[in-house]
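Chain by chain, the residues:
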Amino acid sequence: MAQQFNAQNIKKRTSVLVFLKGSTAPLVLYVENSEELYAELQQCLKSAAASVIEKETQGPLKKVSFISNQVAAVAIQEEQYVG
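About the cut-offs
- Residues numbered from 1 in each chain as written.
- Predicted model: local features only at pLDDT ≥ 70, side-chain atom pairs only at ≥ 80, totals over all residues.
- Heavy atoms only, no water.
- Helix = DSSP H or I, 4+ residues; strand = E, 2+ residues; numbered from the N terminus.
- Contact = heavy atoms within 4.5 Å.
- Salt bridge = Lys/Arg side-chain N within 4 Å of Asp/Glu carboxyl O.
- Buried < 20%, exposed > 50% of the residue type's maximum accessible area, 1.4 Å probe, protein only.

**Student:** If you had to explain the side chain of Ser15 to someone new, which residues and values would you point to?
**Tutor:** Counting through the fold element by element, Ser15 comes out in strand 1 (residues 10-20). Sequence-distant contacts of Ser15, defined by excluding residues within four places in its chain, comprise Val28, Leu29, Tyr30, Ala75, Ile76, Gln77 and Glu79.

**Student:** Which residues make up the pattern of salt bridges, and what values do they have?
**Tutor:** Counted by the stated rule, this structure contains four salt bridges. As a salt-bridge pair, Arg13 and Glu79 come within 2.9 Å of each other at their nearest N and O atoms. On the criterion of sequence distance, the pair formed by Arg13 in strand 1 and Glu79 in strand 5 (residues 71-82) is long-range, its members being 66 residues apart. Relative accessible area serves as the criterion here: at 36%, Arg13 is assigned to the partly exposed category.

**Student:** Account for the environment of Ser65, with residues named and values stated.
**Tutor:** Along the chain, the position of Ser65 falls in strand 4 (residues 63-67). Overall, Ser65 belongs to the partly exposed group, its relative accessible area being 46%. Residues contacting Ser65, with those up to four places away along its chain left out, are Val52, Ile53 and Glu54.

Next up, the structure:
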């Protein structure tokens, strides 16, 4: 029997996608303020200096680290989910 979902149960959340050089799949980071993280990572794209970026997240990845000069692209993704 198919379960029907009420439109009130559908919620939206945003994540920041981090595409690293040499990687086929992006890191999907769920954070409290996705716009802030996006802006921070955009600065990495503008800088040639290498530094370690470490973030705690709210999704399946609890903590992630990567080198800033390995960031190839960043994006914000909005998705719907039933909650």
